[in-house]
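Next come the chains, spelled out residue by residue.
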Amino acid sequence: MAESRKVAVIGAGASGIVTARELQREGHRVVVFEKSNQLGGVWVYNPRVETDLLSLDLNREIIHSSLYKSLRTNLPRKLMSFSDCSFDCAENGNRLNFPEHEEVLRFLNEFAKDFAINELIRLNTEVVRVAPVEFGGNRWVVESKSEELSSEEVFDSVVICNGHYTVPRIANIPGINKWPGKQIHSHNYRIPEPFKDQARPLYTFSIVVVIGDGPSGLDICRDIATVAKQVHLSTRYSEIVVSKLDNYENLWNHSKIEHVDESGEVIFFDGSSIHADIILHCTGYKYDFPFLETNGIVSVDDEGRVVGPLYKHVFPPKLSPCLSFVGTPYQGVLFRMFELQAKWIAQVLSGKVFLPSEEEMLADVEDHNRQLEEAGIPKRHTHRLDPQSPLMAESRKVAVIGAGPSGLVTTRELQREGHRVVVFEKSNQLGGLWAYNPRVETDLLSLDP
Ligand code: FAD
């Protein structure tokens, strides 16, 4: 008899709605808190930007989504779906293999409707505090605000699905405090028009330096190159020779910025320099859980880049299984990852699946950190699911011949390492030598071939 728990899910983005579905399927009672007026999170395009374009002012009004207007997914549509709800179920798709953002939002709305998730979501309701009722106990208090009303409710479990693409990280550039140009973070970039050539009086900016060659930096520099006089993309590497990028006449690839100065000059490590009007930081985001009170048991370190300790990026060992996180890793097939994390949480909460002990989970986290260090991967990449990472070991299809003790233990080790194993055994049972057979051979010296 599976256990049913009262679970709070924070956020109704892609991770929150699939988590709600898995929890509900497992028989839990779910409330989804969503601070905005609709579901979809990142995929809700908002033409407005924050008043402080670097998002440093603590009192600014926060805009959640960082979507720019031209954005299309960087994964094919088949990978932007959940296992039993393909993208094709979203109406009116124009069938681009890499869909436009509007289509992803439509898909998420269809999904929520089909699985009756809408009824579980409390819109315009921001969670402002999540804390254990008592440490060492199993209940959590969730304080939320909607309009002027605030309320407190107790849950058996809380799953955090609040996203991590809203609080910008800014590049640290020597001399920036005296540099006279404008700065923006990609969180506040929507359309290229304000970057039009200065020759046209309506627009101010024409020579633009974009920092960061991740997906947003690469998209945005091409977007702006359609209207600006010059765009200079600064990558994270020092040893790069300046070169033209793609087929654009006005787009250059540079090394890291060495420094900037008060005359407006931007000087790169590649030896080139440019007098720029604006620097656009496409330098990523920080994990942020302003509502979470755990007495330091869960913390965000490395300038906002690491949350921990989290067992397999999901469960904080000391607070498991009542507190969990969906969506922390990046650079993977994210929607499917959210779904798998959610299934795991739902089944752990119902008692069908067991977690290791607190000590074992902590040891696993430490082991992961040690492996990163030994592979020379900086701590800031703790949550990166990069297939090129040395930690993403290769999986092979392996034949093991014989199911005696050596075959069995070999199989276990191969499987632990992620290989796909087939064991061939000629007899009708495993055990080899240890499967006693009262019969003997007809040639008692066993010489007859
Ligand atoms: P979000 O979508 O951010 O949703 C979090 C939700 O939580 C929001 O609705 C927010 O309002 C709500 N919330 C936050 N705090 C609170 C609170 N205190 N109380 C109540 N509600 C709260 N992924 C891909 O797979 N393919 C892509 O092509 C792709 N492109 C991307 C492009 C950009 C510009 C960005 C920023 C991200 C992109 N991603 C892409 C990653 C994307 O973030 C994930 O795919 C996914 O949509 C994240 O879902 P989420 O539910 O974890 O977070």
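For the protein chain, the name recorded in an unreviewed UniProt entry is Flavin-containing monooxygenase, with Solanum lycopersicum as its organism. Per UniProt, the protein chain carries the Sequence similarities (unreviewed entry) text "Belongs to the FMO family."

Asker: Please explain the site of the ligand as it appears in this structure.
Answerer: Taken together, 33 residues surround the ligand, and among them Gly11, Gly13, Gly41, Gly163 and Gly327 come closest. Going through the elements one at a time, helix 1 (14-25), strand 4 (126-132) and helix 4 (334-349) are the ones with two or more residues in the shell around the ligand. For the shell around the ligand, the element with the most residues is helix 1, which contributes three residues. Looking at side-chain class alone, the shell around the ligand contains 16 nonpolar, 14 polar and three charged residues.

Asker: In this structure, what is going on with unusual backbone geometry? I would like to understand it.
Answerer: The bulk of non-glycine residues show a negative phi, and the bulk of peptide bonds are trans. Of the consecutive residues Gly308 and Pro309, the connecting peptide bond is found in the cis state with omega at -5°. When you line up the elements, Pro309 lands in the loop between strand 20 (306-308) and strand 21 (323-325). Cis geometry is found at the peptide bond from Ser320 to Pro321, where omega equals -5°. Position of Pro321 relative to the elements: it lies in the loop between strand 20 and strand 21.

Asker: Hey, could you run me through the sheet that holds strand 10 (residues 207-211) in this one?
Answerer: Taken in spatial order, the six strands of this open sheet run 9-17-10-11-13-12, and their pairing is mixed. Two strands lie at the open edges of the sheet, namely strand 9 (182-185) and strand 12 (243-244), each paired on one side alone. Where strand 9 meets strand 17 (residues 278-281), four bridges bridge the pair, whose relative direction is parallel. The residue of strand 17 that forms the bridge with Lys182 is Ile278.

Asker: Before we go on, may I ask you to explain the nonpolar core in this structure?
Answerer: Where a protein is soluble and globular, its nonpolar side chains tend to be buried together. Val9, Ile17, Leu108 and Val158 are the most contacted members of the largest nonpolar core, which totals 58 residues. Sequence-distant contacts of Val9, that is, excluding residues within four places in its chain, are made with Gly16, Thr19, Ala20, Val30, Val32, Val159 and Cys161.

What counts, and at which threshold
Residues numbered from 1 in each chain as written. Predicted model: local features only at pLDDT ≥ 70, side-chain atom pairs only at ≥ 80, totals over all residues. UniProt positions renumbered as here; feature names shortened; annotations may be inferred. Near = placed C-beta within 6 Å. Helix = DSSP H or I, 4+ residues; strand = E, 2+ residues; numbered from the N terminus. Nonpolar A, V, L, I, M, F, W, Y, C, P; charged D, E, K, R; others polar. Pairing = 2+ DSSP bridges. Core = buried A, V, L, I, M, F, W, Y, C linked by C-beta atoms within 7 Å. Buried ≥ 20, exposed ≤ 12 C-beta atoms within 10 Å, placed from the backbone. Contact = placed C-beta atoms within 7 Å.

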